[in-house]
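Chain by chain, the residues:
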Amino acid sequence: MDITYYKKPWRHAVIDNFFSEDLLNHISKLEKPDVTKRVQRFKDELVSEYFQNALDQQGKNHYLEFNHMQPHTEYQIHDEAPSKKLSVVVYISPEISDGTYVYTGSRKLSFVKEIAWKVNRAFIFKGIQGVTWHSFANKQDLPRLTINYFATD
């Protein structure tokens, strides 16, 4: 894992090579999400344990989801729900897509940067209402798939 920490516009980390090759292979064999649903929760003991161990979250309440975004769509700028204590987005497929956009506020004019898309890159942050503004999009021709981990209350 290659980790970089950032303080601006708010604290977050980016980790390349987040999953091992074996775990990526395991994930590729999981039942794929229903493409008619953008978000689909799932359970997998191996994936859950990996997140909990890698992020020192053993025993914490959490859930996993596939986020399947159709081509040429975008999700609005939002801050994180108060129940999400730690948010992790891992880019899965395709090889080329769009990442996550971070902002200082709730409007497009407050754009700061993109967490660029790279397969097996994790974007991690602790959500703070009114602070951790972000959005995501898929401007490409292929569906965009991420695995999201959320530690909760």
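Let me begin by describing the structure that accompanies this report. Treat the numbers as computed from the prediction; the structure is a model and nothing was measured.

So, how was this worked out
- Residues numbered from 1 in each chain as written.
- Predicted model: local features only at pLDDT ≥ 70, side-chain atom pairs only at ≥ 80, totals over all residues.
- Heavy atoms only, no water.
- Pairing = 2+ DSSP bridges.
- Helix = DSSP H or I, 4+ residues; strand = E, 2+ residues; numbered from the N terminus.
- Axes fitted to C-alpha atoms, helices over the stretch in contact; angles between N-to-C directions.
- Parallel < 35°, antiparallel > 145°, perpendicular 65-115°, else oblique.
- Left-handed = near helix turned anticlockwise from the far one by under 90°.
- Contact = heavy atoms within 4.5 Å.
- Nonpolar A, V, L, I, M, F, W, Y, C, P; charged D, E, K, R; others polar.
- Buried < 20%, exposed > 50% of the residue type's maximum accessible area, 1.4 Å probe, protein only.
- Arc of directions from axis to C-beta.
- Polar contact = N/O pair within 3.5 Å; in protein donor to acceptor, adjacent residues only side chain to side chain.

## Let's talk about the sheet that holds strand β7 (residues 100–103)
Then step 1. Reading across the sheet, the four strands line up as β5-β10-β7-β8 and stay open at both edges, with antiparallel pairing between neighbours. Pairing within the sheet leaves two strands with one partner each, and these edge strands are β5 (73–78) and β8 (111–115). Averaged over all pairs of adjacent strands, the angle between strand axes in this sheet comes to 20°, irrespective of strand direction.
Then step 2. Examined bridge by bridge, β7 and β8 share four bridges and lie antiparallel to one another. Its bridge partner lying in β8, V102 is registered against K113.

## A word on the packing of helix α1 (residues 21–29) against helix α2 (residues 45–54)
Then step 1. Running from N to C, α1 and α2 point in directions that differ by 140°, and their axes come no closer than 10 Å. What the angle tells us is that α1 and α2 run oblique. Every pair of crossing elements has a handedness; the one defined by α1 and α2 is left-handed. Together, L23, H26 and I27 of α1 and L46, V47 and Y50 of α2 make up the contact between the two elements.
Then step 2. Residue classes in the contact of α1 with α2 are distributed as five nonpolar, one polar and no charged.

## Re α2
Then step 1. When we look at burial in α2, the residues that qualify are V47, S48, F51 and Q52. Viewed end-on, α2 has its buried residues packed into an arc of 130°, placing them on one side of the element.
Then step 2. Packing partners of the buried residues in α2 comprise α1, β4 (62–69), β6 (84–93) and β11 (144–152).
Then step 3. One side-chain oxygen of the residue at the start of α2 lies 3.2 Å from the amide nitrogen of L46, identifying that residue as D44.
Then step 4. D56, located one to two residues past α2, shows a positive phi value of around 55°.

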